[in-house]
Amino acid sequence: MVSEYGHEQAVADGVNVGNEIYVIETQRTRQGGTLKAHQQVEKRERLTRKRRWEIQDEDKAYSAQQLDRDIVNPDQIRTVIRTFKEKLPEIFPGRKEVPKTLIFAKTDSHADDIIQIVREEFGEGNPFCKKVTYNARENPKSVLNEFRNDYSPRIAVTVDMIATGTDVRPLECLLFMRDVKSRNYFEQMKGRGTRTLDADGLRKVTPSAPSAKTHYVIVDAIGVTKSLKTASQPLITQPSVPLKELAMGVMMGARDEDTVSSLAGRLARLDKQLDDKDKARIREAAGGRTLTDIVSALVQAIDPDRIEEKARDMTGAGEPGDSEREQARDQLVGQAAQVFTGPLIELIEGIRRDKEQTIDHDNLDTLLRAEWAGDSAENAKTLVQEFGQYLHEHRDDIEALAIYFSQPARRAEVTYAMIQALAERLKQDRPKLAPLRIWQAYAHLDDYKGDNPLSELTALVALIRRVCELDPTLSTYAATVRRNFQHWIMHHHSGAGEKFNEAQMAWLRMIRDHVISSFHFERDDLERAPFDGQGGMGRMYQLFGERMDEVIEELNRELVA
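All values reported here derive from a predicted model rather than from experimental measurement. All residue numbers refer to positions counted from 1 along the written sequence of the respective chain. For a predicted model such as this one, the threshold for reporting local features is a pLDDT of at least 70, and the threshold for listing and counting side-chain atom pairs is 80 or more; totals across whole chains, interfaces and linings nevertheless cover every residue. The side-chain numbers reported here are obtained from all heavy atoms of the structure, hydrogens and water having been left aside.

Here we take up the overall build of the chain. When helices and strands are counted, the chain shows 22 helices and 13 strands. Partly exposed describes any residue whose relative accessible area lies between the buried limit of under 20% and the exposed limit of over 50%, with all areas from a 1.4 Å probe on protein chains only and scaled to the type maximum. Counting every position in the chain, which comprises 561 residues, the buried fraction comes to 51%. Note on areas: Shrake-Rupley, 1.4 Å probe, and residue coverage restricted to the protein chains presented here. Entry remark: accessible area of the chain is about 26400 Å², with carbon and sulfur atoms responsible for 46%. In this text, helices come from DSSP runs of H or I with a minimum length of four residues, and strands from runs of E with a minimum of two, each type numbered from the N-terminal end.

In this structure, the amide linkage connecting S152 to the following residue, P153, adopts the cis form with an omega of 5°. With an omega of 0°, the peptide bond running from A529 to P530 counts as cis. If you trace the backbone, P530 turns up in the loop between helix 20 (502–518) and helix 21 (536–544). A positive phi angle, near 50°, is found at D447, a position not held by glycine. Looking at where D447 falls in the secondary structure, it is placed in the loop between helix 17 (435–445) and helix 18 (456–467). Here F519, not a glycine, exhibits a phi torsion of approximately 75°, which is positive. When you line up the elements, F519 lands in the loop between helix 20 and helix 21. Of the residues examined, F519 reaches a relative accessible area of 3% and is grouped as buried.

Bringing the nonpolar core into the picture now. Definition used in this section: a nonpolar core is a set of buried Ala, Val, Leu, Ile, Met, Phe, Trp, Tyr and Cys residues joined via side-chain atoms within 4.5 Å. Core analysis: the biggest nonpolar cluster contains 62 residues, and F387, W507, L508, M540 and F544 have the highest contact counts within it. Here the element with the most residues in this core is helix 18; it accounts for 8 residues. When residues no more than four places from it in sequence are discounted, the contact partners of M540 are W507, I511, L526, G545, M548, V551 and I552. By size, the runner-up hydrophobic cluster in this structure holds 35 residues, among which are M248, V333, V339 and I348. The contact criterion used throughout is that any non-hydrogen atoms of two residues lie within 4.5 Å.

This brings us to a negative patch on the surface. Only residues whose relative accessible area exceeds 30% and that take part in no salt bridge are eligible for patches, with like-charged residues grouped when within 9 Å of each other and nonpolar side chains (Val, Leu, Ile, Met, Phe, Trp, Tyr) grouped when within 5 Å. The term salt bridge refers to a side-chain nitrogen of Lys or Arg lying within 4 Å of a carboxyl oxygen of Asp or Glu. In this count, Lys and Arg are taken as positive residues and Asp and Glu as negative ones, while His and the chain termini are left out. Here the site of a charge means NZ on Lys, CZ on Arg, CG on Asp, or CD on Glu. A surface patch of negative charge is lined by E522, D524, E527 and D532. On the basis of relative accessible area, D524 is assigned to the exposed category, the value being 53%.

Okay, the pattern of salt bridges next. Summed over the entire model, instances satisfying the criterion amount to 28 salt bridges. The salt bridge involving D513 is made with R482; its shortest N-O contact spans 3.9 Å. Residue D513 is found in helix 20, and its partner R482 is found in helix 19 (residues 477–494); the two are separated by 31 residues along the sequence. One network of salt bridges, with partners in common, ties together R78, R82, E120 and E121.

Classification of ring pairs rests on two measures: the distance between centres of Phe, Tyr or Trp rings, Trp counted by its six-membered ring, which must be within 6.5 Å, and the angle between planes, read as stacked under 30 degrees, edge-to-face over 60 and tilted in between. Within this structure, the stated rule accounts for 12 aromatic pairs. Here the aromatic rings of F84 and F122 are separated by 6.5 Å at their centres, their planes lie at 65°, and the arrangement is edge-to-face. Pair noted here: F84 is in helix 2 (residues 74–91) and F122 is in helix 3 (residues 108–122), with a separation of 38 residues, a long-range link. For the pair shown, F84 and F122 are each scored as buried. A centroid spacing of 5.5 Å and a plane angle of 85° characterise the contact between W439 and Y448, whose relative ring orientation is edge-to-face. W439 gets classed as buried once you look at its relative accessible area, which sits at 1%.

These figures capture arrangement, not role.
In structure tokens:
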């Protein structure tokens with residue numbers, strides 16, 4: 001469950017939290033697919049997204065790496081998103097709303113496909129899921145502020161804008177639908193989820209959060225946590241750096257000659273492949289400058305004679321040194337780089353790629369697995385050990401624990417207030433040991449496939465019973481109470497005495513359900529809902545007579561046995 005917990009000092013410094021990894025793997029994500037000859041296939045222009053249909057002339061196999069770039073398989077995206085939605089109660093138990101989730105897409109077009117399917121699968125409108133990229137219709141900074149501070153959007157989709165320089169503290173889930181080869185870049189992307197947030201701050205945007213932010217979850221739908229990562233190198237050592245990365249680097253402040261010359265050479269080569277329509281689109285996006293003008297400005301910015309002339313102007317009559325020449329070069333490149341904007345770079349990159357994608361509607365996807373990542377058992381053991389150690393350490397100074405560990409005959413006296421006090425103490429002392437998180441750890445170790453607990457407090461009671469070995473394996477408190485109730489009724493009816501009639505059984509079931517949610521039943525509870533609506537104490541006395549108090553005492557004792 002806690003795949004990387006052992007590698008991160010979660011909450012150790014009060015600044016960062018650790019992560020857990022949940023894997024979603026589908027057949028198309030792993031294997032790709034094949035477009036059959038003579039079938040109708042849909043084609044879509046990458047930039048305009050205009051569609052047309054044509055007949056596939058021959059069989060064409062596509063790899064998983066081509067998905068969402070050359071080939072779009074809507075069912076693959078839908079299978080991932082649908083599985084994510086269905087597994088949310090397992091990943092984030094007890095939540096009433098989708099935790100703040102950031103989805104990393106491969107391209108801007110891929111982001112649009114994801115957003116459409118997210119809105120369809122969750123049955124939500126535009127405010128629920130928004131795009132945060134350079135090409136977003138809404139101001140990306142405004143969307144980011146909403147994502148950080150408001151209830152909506154619950155899900156944001158980005159390509160690379162939120163890799164660095166952004167702090168979204170309420171973010172609890174990162175869904176990767178793109179791979180990342182750079183180790184440093186991957187760490188930056190993960191860093192969006194690491195920041196801590198107290199309970200009040202988290203509940204402002206996620207009201208059903210049970211506690212402060214204790215961890216974040218990486219949902220890996222592409223194999224990003226297992227793919228080989230390379231250390232980031234200076235661009236001078238990477239002659240095959242993609243055009244988009246070179247342009248982004250220059251726009252963001254890269255000034256070294258190798259980067260600038262590589263970008264100029266790549267753009268010059270592209271310029272020879274453009275038709276008049278593409279040249280006009282670039283000129284419009286570049287404020288009237290042609291691609292030839294842009295290349296010329298970059299080349300002149302690193303021309304040694306221009307740099308020397310600029311350096312002499314900066315120093316006056318004196319001979320410029322290396323630092324002055326470097327400063328002059330940086331200024332010249334900075335002037336040439338002013339033309340680059342996010343939309344222009346995206347346009348150039350879109351033109352550079354093939355102009356059409358193929359939409360695969362025939363190779364439907366199949367879910368292969370959706371589960372916590374591989375080394376989760378070891379980390380789950382660590383969590384439950386820490387939780388058990390905490391309970392044992394405080395068995396003498398917390399009343400509920402004292403009863404469960406040392407005074408089992410008094411279990412029937414444990415009240416809602418006692419369990420609530422224990423939960424508050426646990427949050428203060430060890431927020432990492434949130435009951436629903438520990439429930440997940442035990443569920444993984446016990447291979448538990450049943451229902452989730454009704455609440456954080458009922459989960460806590462069930463976990464105490466598990467630690468005290470009252471229950472040999474994990475069981476919800478509701479299941480325990482119902483099982484004990486059934487045994488008690490069967491035992492009562494197996495004797496020769498008077499059996500409960502249907503009216504009495506209905507009343508006893510109401511008491512059972514009250515104990516499931518509140519742990520203990522008092523005479524005073526008869527004057528509260530739902531009992532008051534059924535006649536309250538007078539009605540129970542009418543049904544059970546002088547045995548009323550005896551029945552209450554017996555139920556309190558037997559249901560928590």
